[in-house]
Every structure is written in structure tokens, then in C-alpha cells.
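Residue strings, one per chain:
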Amino acid sequence: MTYHADERGYYGEFGGAYIPEMLYPNCEELRQNYLRIMAEPSFQEEFHQLLKDYVGRPTPLYFAKRLSEKYNTKIYLKREDLCHTGAHKVNNTIGQILMAKKLGKNRIIAETGAGQHGVATATVCALMGIKCVVYMGEIDIARQAPNVARMKMLGAEVRPALSGSRTLKDATNEAIRDWINNPVDTHYIIGSVVGPHPYPDMVARFQSVISEEVKSQLQEKEGRENPDYVVACVGGGSNAAGAFYHYLDEPEVGIIAVEAAGKGIHSGESAATSALGKVGIIHGSKTLLMQTADGQITEPYSISAGLDYPGVGPLHAHLYVSGRGEFISITDDEAMKAGLGLCELEGIIPAIESSHALAIFEDRKFKEEDIVVVNLSGRGDKDLQNYIDYFNL
Amino acid sequence: MNRIKQKLQEDKKILSIYFTAGYPQLNDTVKIIQDLEKNGVDLIEIGLPFSDPLADGPTIQESSTIALKNGMHTELLFEQLKDIRETVSIPLIIMGYFNPVFQYGVEAFCQKCQEIGIDGLILPDLPLDVYQEEYEPIFKKYGLINVFLITPQTSEARVRAIDKASDGFIYMVSSASTTGAKSGFGAEQTQYFNRIASMELNNPQIVGFGISNSETFDQATKNTKGAIIGSAFIKHLTQNGVEQIGDFVNQIR
């Protein structure tokens, strides 16, 4: 029994590649080569060298003493917020830019919601001197101006997605359309564990460095590789996939996925896909997604742009349906409060996405001796305006 | 015999027209179908609108968004079409994305299609392997032809596999693009049309994407069985409504 993808990209009933024929050659080229390329010693060497010297890995596993005292359990924070560009996203973009080079591609496209993945993609394209086009919903461009400016400084072209709801899901549609129109020279760097096979598996593998490091760091600090629980927020689910990866098939490790409930699960303004979604097809993958009874994909809501996606990666859909993962939804208010709490207790300003993971301790109680690793996926600089508005700072 | 197969046996070039159901007005569906048949169109693709049509360019996206806003949904389309066979005999295909069909229930959807007199389906994001493993018996049970796409990038081996899995015609996407992205054909397309023609496939090919007028129709059908017009017809409907459908069809051939 494994919770990893099978060779056709299925996690239980979820995953696969539900793509129009126009995308088949691109995805097939990737599918046939990704594992081989990733296994090449030269690839591994360059990947790990860049993660170390450029990204700043390994990121610390920090014992949060005062937070632990407050909640009467042992909480460790995996400090992905200290990665170059401010979040875990860059682990994947480093991997994929090297993949694109091996495949002989000379043009990169990406989608972005809040702009974190866009910035991480623009960063590695600047690093490698490769042309970069980032699709971003017109509405997101207006509300994430600093990240738009970052991408431009890094040499990327930011193209507004003008279709549909003009947010992340539409930016993803536009990136896919670009790939259909440019099937030969272009590689599409998807930012999460979503999309057609092999993307969910490939992105999870690039992000798996997170749990690989946790294992050795916990061994050093606690004399054991496995925590009792590992906690991460889930939008599409890439930081969670990385944090869970090496623990998926270790049944003694509890897996806790935290979704954004927005203004409340049943408020009509939520992104809690496991609670509200049904099985369907989104962006080439069979998974749980928020949709009408008629199969039209609906627009999610969360205060956190990074969790504002109507689907969830097929790995997470499988973790939910199989019961392997415990799914908790956190509202905007709970997340904002937890974010401020981390500032006050530990001197760390978290991304609002990560604040959702931190918010579970109010209601979800752990034993005093439990070791709980929370993946602190990003830092809060990008969210400053949200924090300012929310707390009238 | 399935109406599509019967039509394909005729010694003529097939003109197929795509439109989005529920556009420009919610209840235009039946009138559009009747007028297209009356004006000599050979095959009609009725588009079931989807919120996230990722193989489509701006024209069909926009028509889908408006159709959904107008209130189009799967059950309503079936309701509009329930008596369609009393007035038309033209082959009818429903074209859409897989998720709305999946939510309706693939078998229930196919059964409904048979009841109405739909002859085939085009679901671009239902891949060949999934169709063959899970859904082929259902399509066959209800007499529906499933139409697959090929593109200039499709390998010869895969074109052969698609030909083998097809039982009607192959939808030949003219270039690497979304719908409505390009107009007109260059040497690259001619070469591709000739290459596919020389493969002597079992199923005839009908070309789609990039056809908007008589010139492109003639180019596309020189070495193929027919051609499909979508975005250009949607644009015509946007500008002229449903009153002058004949004008559009007659300028094609």
C-alpha cells in the first residue's frame, strides 16, 4: 500500500491526465523523461547545489518554545519562510527550470495567483537567462502590485488573464492555452501539485526536500526521524505534499492538512475543497473540486490568495477520501489571529497561508509529549497590506 | 445506420458548423440548428458550454461565459433538444468538456443523447486511454460515435491508434493552437494535411481550427473529407444574431 502516485499518475481514483490531444505530446514528453532526468547524477548535483547555495537550504527546523508552552505540546516549525524569495515555491521552480533545460526548452510559462510562484519562476528564469511569461488574473494583478513589480524587475513578462473570473484558475487556463499554442519550445512550470500527470508527482518530488530535511533534523534534535504529526496548509497543496512526502507511507505519523474556510465553510465564500468539493476534472486532473451541480467550476474565496484555488491536488484528494489525512478548515479570522500570535510569541511574521496551519492549535488538542511539525511555508512580507487592513496597524 | 456515418458516405465535402448552446440568447438553440440544416450544412456540433474551456480561444470562451450567464445547463439543453428530430435530420454532435458530462453521469448522458437523437460526442479532454478503458462500451451501447482529435504534433503511431479507436471521422486540428487563434493556412498545414492523407487512414478526416471562409474551407478540404467552422460562426452570431445564418453559410460554399 502506498500513497504515492502510480506510474500512470493516479493516487487511488484521483489524478491521471485528462488533457486535450493538443497537450498530449508536451505531457507525454515530460512523462517519459522526468524520472530519468531527475535520477541523473548531474541533475541531482546541480539541483542540490542550487538549493544549498542559492535557495539557502537546508531551512532550519526550529523548536517553537513559547508557542509549545501556550498549546502544551512540542511544536517544531519547518522554516520554509527563510527560503530565497520567501516561500517553499522556489524548491519546485529550481527543479523545473533544470528539467526544462534538459528537455531543450528555451521559453518558460507559469501561472500565479498571489504572485509567489510567479516570482519564484521569474527568479529562476533570470538565474538561467531564459525567457519567462507569467499569467496572472487581472484582478490579482490589481491586488498584488508588489509581486507584479518583482516579476518585472526579474525580467518576466506578466500577462493578464482576462477570461472567466480573472483569478488563479483563469491564469492557469491561460497558461495551458499558451502551451497549446507553443508546444515545441516552451516548458510550463506549474506551481502546485495540480494539473495532468506527471505534474503532481514531479512537483511533489521537488518539494519532498522539505520532509527529507525534517527527518534528519528531527533525528538530530529528538533522536527519532518521525514526528507524531506533520501539519501543512493546502490550497493546491505543494508545500503540504513536500512536508508529507516522506511520511505518507509511515502510518504512525499523523498527517494534518489545513484548508481555508474563508468566511465559514457554508458561507458561500470559502476554499475548503475537501468539505465542499465533488469528484471532477480540473486543469487536466481528476480530483476534488468546487463546482455547481452541473459541473461548472466555481470561484473559491480565502483571505489568503495562495489557498484560493477551487481544486486540490490529486494526492490530497486521495489522502482525504482514504482517511489517511485529517482535514481541518480554518476561517480568515482564525488564521489572522494565529498569524499575529506567532509574531508575538516567536518573532516570526508568517504568510497568511501558513497562518492557517498555525491556527489549528486553538481547537485541535495534542498530547504534551507529541511532536508536531508545522510547515511554515512562507513569510508574511507579501501580506503586510492585508495584516495592516485587518488589524488597523 | 448512424447519421454521421451515412453523411460521410456521400460524395461531397462536409461542412460542419459549431455553435455554443445558449448563445447569443438562451433559447436560440433549435432555431440555429434548423437554419443551419435549411442552408445546406452537413453536420452540426452543439457546444455544451463550460466555465473553463481550456482548448478554446477568446471567441468561444466569451460565448460560453455568456451562455452560462444566460442560464444554459445540461438538463436545459436536453430539454430544448427533446423534439429536435421532429424537424431536422442532420447529424448532430454534442461537443463539450468532460466535467459536465461526468457530473451528469456518463451513462445517463449517453442515454439521453440516444433518446434525443444525438449521433456523436466530441469531448477533447476525455483522453483515448480513459475512453477505451472506462467508457467505450457505454458510448457503443447508446449508438454514439466518439470523435478524437489529432494535431500536427501527434505522432504517427498515435494517429494510427486513434484511427483504430475511431468509428466515424477524425477531427484534425489544423495547427498547434486554441480555437479561433489563427486564420488561414501556410505551407506547414498543407504539408501536414498531405502527410495525414498519405497515411490512408480508415476514418475520414475533418479539419477544424483556422477555417473561417470559402478560401480556407477549400484549402482544408482539398485532401480531406470536410471542415469545421466554429469561432467565425460565433462571431457572425455576435454581429448579426440568428436572423442571417444563411448569409454566413452561403459565403462558405
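One can find the structure itself at the top, above this paragraph.
Residues numbered from 1 in each chain as written. Chains lettered and ligands numbered in written order. Predicted model: local features only at pLDDT ≥ 70, side-chain atom pairs only at ≥ 80, totals over all residues. Heavy atoms only, no water.

### Section: the overall build of chain A
Then, number 1: Looking only at helices and strands, chain A features 16 helices and 14 strands.
Then, number 2: Relative to a compact globule of 393 residues, whose C-alpha radius of gyration would be 21 Å, chain A shows 19 Å and is just as compact.
Then, number 3: Seen through its principal axes, chain A has C-alpha atoms that stretch 55 × 45 × 40 Å.
Then, number 4: Relative to its 393 residues, chain A shows a buried fraction of 65%.
Then, number 5: Long-range pairs, those at least 24 residues apart, make up 73% of the contacts in chain A with a sequence separation of at least 6.
Then, number 6: When the accessible surface of chain A is split by element, carbon and sulfur atoms take 51% of a total near 13600 Å².
Then, number 7: Averaged over its 38 positive side-chain charges, chain A has a centre that lies 2 Å from the centre of its 51 negative ones. (Helix = DSSP H or I, 4+ residues; strand = E, 2+ residues; numbered from the N terminus. Rg over C-alpha atoms; globule rule 2.2 N^0.38 Å. Buried < 20%, exposed > 50% of the residue type's maximum accessible area, 1.4 Å probe, protein only. Contact = heavy atoms within 4.5 Å. Areas by Shrake-Rupley, 256 points an atom, 1.4 Å probe, with all protein chains shown as cover. Lys, Arg positive; Asp, Glu negative; His and termini not counted. Charge placed at Lys NZ, Arg CZ, Asp CG, Glu CD.)

### Observations regarding the nonpolar core
Then, number 1: Of all hydrophobic cores here, the largest spans 184 residues; its most connected members are Phe 244 of chain A together with Leu 36, Ile 46, Phe 98, Tyr 135, Phe 139 and Phe 233 of chain B.
Then, number 2: Counting contributing residues per domain, this core is built from domain 1 (10–50 + 89–203) and domain 2 (56–87 + 208–391) of chain A, each supplying no fewer than three.
Then, number 3: Apart from residues lying up to four places away in sequence, Phe 244 of chain A is in contact with Ser 211, Val 230, Val 231, Ala 232, Ile 255, Ile 256, Ala 257, His 316 and Leu 319 of chain A.
Then, number 4: Membership of the second largest hydrophobic core comes to 29 residues, among which are Ala 64, Ile 75, Cys 233 and Phe 366 of chain A. (Core = buried A, V, L, I, M, F, W, Y, C linked by side-chain atoms within 4.5 Å. Domains from an automatic or database assignment.)

### Regarding the interface of chain A and chain B
Then, number 1: Contacts between the two partners involve 34 residues from chain A and, on the opposite side, 38 residues from chain B.
Then, number 2: In total, chain A and chain B occlude about 2900 Å² of area from one another, counting both sides; carbon and sulfur atoms represent 53% of this.
Then, number 3: Per-residue buried area on chain A facing chain B is highest for Glu 21, Met 22 and Arg 177 of chain A; these three make up 21% of the total on that side.
Then, number 4: As a salt-bridge pair, Asp 129 of chain B and Arg 8 of chain A come within 3.1 Å of each other at their nearest N and O atoms.
Then, number 5: Our count for the contact surface shared by chain A and chain B stands at 19 residue pairs in polar contact (both at pLDDT 80 or more).
Then, number 6: Of all elements in the fold, only helix H1 (24–39), helix H8 (168–181), strand S11 (278–282) and strand S12 (285–289) of chain A reach the threshold of two or more residues within the side of chain A that touches chain B.
Then, number 7: Counting residues per element, the side of chain A that touches chain B draws most heavily on H8 of chain A, at eight residues.
Then, number 8: Residues that form the side of chain A that touches chain B fall into these classes: 17 nonpolar, eight polar and nine charged. (Buried area = accessible area lost by both parts, 1.4 Å probe. Salt bridge = Lys/Arg side-chain N within 4 Å of Asp/Glu carboxyl O. Polar contact = N/O pair within 3.5 Å; in protein donor to acceptor, adjacent residues only side chain to side chain. Nonpolar A, V, L, I, M, F, W, Y, C, P; charged D, E, K, R; others polar.)

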